[in-house]
Each structure stands twice: as C-alpha cells, then as structure tokens.
Amino acid sequence: MLDSTNYNCEFQGMSDKPKYNFHDIIWAPVLAMKAKKILVMTISLVAALLIFDLFAYLAPAAEGENLEQIWAAYGFFPAYNIGYANAFGQVIYSLGVIGALLAIMLGMFCVAAIEIEDVRGNPFMSARKAIKFGLSRFNQLFLSELAIAAFLGFIVLLFFLFGLIGRIPFIGEWIVSIFFVFPGFIVAMVTLFVFVVFQVSLLLMPAVAAADKTRESFQTILQTFSTIIRQPFRWAGYTLYALVAGKLAAFVYAYFCYRAVQFSVWASALGGGEKIEKLVRSGLSHLPLRSDLVEQTLCVLPGVDWSISLGKYATGGSDMAAGHLMSVMLFLIFVSIIGYFLAILATAQARTFIAIRYISDGYELHTEDSLFHQDENLNPPIGDDEVT
C-alpha cells in the first residue's frame, strides 16, 4: 500500500538520523556552513549592534554630553567601557547590552530551529521562516531569562534583609551566626549554581526553546536546568569542542573571505584601474581594524600569533563618499565571520541538547513531526478503496 506513512518515512530519510552521541557534534562546523544559517546570524548581529549603539548614545545624551564629540571618537562602534556620570546613564547603557544579548540569542534560536527542523525531517526551512518563527518565540526566551534573573534578584533581596537583622542590637549578631550555615550557606550554594546556569543559558536556552513545542517558559527553564544537572560534563565537553572547532572553522572561513575580497579587487581593477583599490582602502579606513575584536576574529586561536592582517590596507584610500558605503559592505563580510562562528555554536547546542535528552530520557527527537511541514498523500484513496 502506498500512503502518507511511506511518504513520511522517505521524507524523514532525506535528513541523516542523529546518532545521539559526540558524532553529531563533530560535524557542527559543516552543518553550520549553510547560507541561511550564516545569514540569520549576520542579521541578528547587525540588529544587536544597532540596539547597542542606540542605548550607548542615549546614555550620554541623557547626561547632557556632547554627542558630536562622542560620535567623532567612536562612530558606530562605541567602546564598552564608556564612563557615565550617574547611575541613570549606566542603567540605559545596561539596557542596551541586555537588548543586544537578546538579539544574538534570538539569532541562535533561529539557527537552532533550522537544525532541529532538519533533524525532524524538514531540511527546507528558509531563513525568512526561521526569523519569523524566532520573533514569534521572543517572549518565551525573554520571560525565561527574566524568570531566572528575578529569582537571583529575590535571593539577593533575602540576603539583604538577612544582613539588616544583624543590625539589631544585642541579638542581631547571634541570629546571623545561628542561621549562617543553615539556611544561609545552603541557599548561597544553590544560588551560585543558578547563577552559573543563568550564564550557560545564553548558549543553551535558544536551542532548548527551539526544540520546545509548548511555547512555555517554565518548560524551557526546566529543560535547561535538567540538561546541565543531569549531564554537566557531557555538555561542557561538547561545548568546549564546539568553541575550539568553531574558532578554527571561522578562521578558515575568514581566510577565504579575505582571499575572495582580494580577488574581487584585483579582477575589478583590470577594468576600473587604481580607483577600485582606493575605494576598498577608503572603506577599510572607516572601520576599526586595530580593535581587539577584529584581531581576535582574524586570528586562528586566542594567544596564537597566526592571523590575517588588514592594517596595511587601511591606508592609501581617498575620502570619497562611496567609501562609506563600501565600509558597510566590508563590515557585513566581517560580521558574517562572527555569524558563522555563532551559527556553529547554535548548531552544536541544538545537537547537544538532542543527544543529552536521548541519553537521559531515551527520547528520540527525530521522531517528532515537523512544525512547518505537512505530509500529502501521493495516491489519495478513491472512494472506499485504497490504491494498492
């Protein structure tokens, strides 16, 4: 009998069935080398920069600073350590940092969703659909992180009140001493663990949320904690591999981008002459090529003196108006390098969560139905008889 069941099996077979072990994570750099994944992460990084810039300049504006001087010094890349005169400016700046982190997490969510749909048997999820899906789940990510942060804030408040008790004359110090170990020390240990998971969630939670069909923040938090509690060393090992392999793969990608730009300039200069090279040099002159971010992105590994040098190309350009547009194009190429690195991390986290959930609970995620694909009968029944 030929029906939708057979068709679904064939459709699921288009994607490799996960092995639910380290083998799935080994291929993360290859799995992340897809235009739609790199595009999604590049868009999220650009959005994160715009959000950060907005709040980074709102903060000194709220304090009455001269924005023209700050813009002349930093441009689109304000330093992370700009000093602020009061707490109000620092709060605005902190909101920008939080907004930028959420934008990056949303991009990692979209990449993880593409990978998880692939595991479910749907390799055709587009970048546009992934972004739309990510925006629809933004509240889930935000509320999940907010719930953990609120819990940490509540514990700090309790310790603040506990400290106030110590101010009570005569008996305050005795009360603090009696309850210092239990529950004080025990609560502090639990809080420290929650804080560690809160930091880890920046990497893991997008993948957990992307795999969740319920859209419930509590379920996302529960699965995130469960992954870390039940398989901490496996998660750490897989993530460490993804970081190292991702950095190496991103360096290779950066080298090909570098050579591709060189070839493009050389080939275009055959017809356009020196004007083409000056245009590119002019574009590079507007970018912070000597910043730590650029140096770390273009080196093979942190601390290893083997990198791609762009400093020599930042001179010799002209102050042409088109150079500003060229700087935007070159900046997008550079951002795609970081985007590929983060796409590797997001893909690895998705595969890690799938593997750990199977190892812990025996749950095979590849058996789930796709959220975006509906099977169609190749040979629908005619009347009451089935096609055989």
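Source: prediction; values computed, not measured. (Residues numbered from 1 in each chain as written. Predicted model: local features only at pLDDT ≥ 70, side-chain atom pairs only at ≥ 80, totals over all residues. Heavy atoms only, no water.)

Draft legend 1. Expanded view of the overall build of the protein chain. Looking only at helices and strands, the protein chain features 15 helices and 0 strands. Scored against the burial criterion, the 388 residues of the protein chain give a buried share of 41%. Pairs at least 24 apart in sequence give 83% of the contacts found in the protein chain among residues at least 6 apart. Within the structure as shown, the protein chain displays about 21500 Å² of accessible surface, and the carbon and sulfur contribution to it stands at 68%. (Helix = DSSP H or I, 4+ residues; strand = E, 2+ residues; numbered from the N terminus. Buried < 20%, exposed > 50% of the residue type's maximum accessible area, 1.4 Å probe, protein only. Contact = heavy atoms within 4.5 Å. Areas by Shrake-Rupley, 256 points an atom, 1.4 Å probe, with all protein chains shown as cover.)

Draft legend 2. Seen up close, the packing of aromatic side chains. Tallied over the full model, the rule gives 11 aromatic pairs. Pairing Phe 22 with Tyr 241 gives two aromatic rings, centres 5.1 Å apart and planes at 75°, and the pair type is edge-to-face. Here Tyr 241 lies in helix α12 (residues 232–272) and Phe 22 lies in helix α2 (residues 22–26), a separation of 219 residues in the sequence. Here Tyr 255 and Phe 256 contribute two aromatic rings whose centre-to-centre distance is 6.3 Å and whose plane-to-plane angle is 85°, an arrangement assigned as edge-to-face. Given the relative accessible area of 36%, Tyr 255 is considered partly exposed. The exposed category is assigned to Phe 256, whose relative accessible area is 57%. (Phe/Tyr/Trp six-rings, centres within 6.5 Å; stacked < 30°, edge-to-face > 60°.)

Draft legend 3. Fine view of the packing of α12 against helix α13 (residues 274–285). Where α12 meets α13, the axes come as close as 6 Å, and the angle between the chain directions of the two elements is 135°. Accordingly, the angle class assigned to the pair α12 and α13 is oblique. For the pair α12 and α13, the contacting residues are Val 265, Ser 268, Ala 269 and Gly 272 in the first and Glu 274, Lys 275, Ile 276, Glu 277 and Val 280 in the second. (Axes fitted to C-alpha atoms, helices over the stretch in contact; angles between N-to-C directions. Parallel < 35°, antiparallel > 145°, perpendicular 65-115°, else oblique.)

Draft legend 4. Focus on unusual backbone geometry. A cis amide bond links Phe 182 to the next residue, Pro 183, at an omega of 10°. The residue Pro 183 is located in helix α10 (residues 180–211) in this model. The residue Phe 170 is not glycine, and still its phi comes out positive at about 70°. Its location among the elements puts Phe 170 in the loop between α8 (138–165) and α9 (172–178). Positive phi outside glycine occurs at Arg 215, with the angle close to 65°.

Draft legend 5. Focus on the environment of Leu 135. Take Leu 135: it is sitting in helix α7 (residues 127–136). Spatially, the C-alpha atoms of Leu 135 and Phe 109 are 9.7 Å apart, while their sequence positions differ by 26 residues.

Draft legend 6. Quick look at the layout of surface pockets. Empty space within the second largest pocket amounts to approximately 390 Å³. Together, 15 residues line the second largest pocket, and Phe 76, Phe 77, Leu 287, Ser 327 and Val 328 are the ones closest to its centre. Where the lining of the second largest pocket is concerned, the elements lending two or more residues are α4 (35–62) and α15 (322–361). Considering every element that reaches the lining of the second largest pocket, the biggest residue donor is α15, with 5 residues. (1 Å grid on protein atoms, 1.4 Å probe; cavity = no way out; pocket = protein on both sides within 12 Å on 5 of 7 lines; lining within 4 Å. Points joined across faces, edges and corners; volume = space filled by probe spheres on them.)

Draft legend 7. Seen up close, the side chain of Asp 212. By the secondary structure assignment, Asp 212 is in the loop between α10 and α11 (217–230). Buried charge Asp 212 goes without a salt bridge, the closest partner of opposite sign being Arg 137 at 5.1 Å. Side-chain polar atoms of Asp 212 contact the backbone nitrogen of Arg 215, separated by 3.4 Å. Among residues more than four places away in sequence, those in contact with Asp 212 are Arg 137, Gln 140, Gln 219 and Thr 220. (Lys, Arg positive; Asp, Glu negative; His and termini not counted. Salt bridge = Lys/Arg side-chain N within 4 Å of Asp/Glu carboxyl O. Polar contact = N/O pair within 3.5 Å; in protein donor to acceptor, adjacent residues only side chain to side chain.)

Draft legend 8. Fine view of the pattern of salt bridges. Summed over the entire model, instances satisfying the criterion amount to 7 salt bridges. The closest approach of N and O atoms between Glu 115 and Lys 37, which form a salt bridge, is 2.5 Å. In this pair, Glu 115 is assigned in helix α6 (residues 87–119) and Lys 37 in helix α4, connecting sequence segments 78 residues apart. Judged by relative accessible area, which is 0%, Glu 115 ranks as buried. The exposure class assigned to Lys 37 is buried, which follows from its relative accessible area of 0%.

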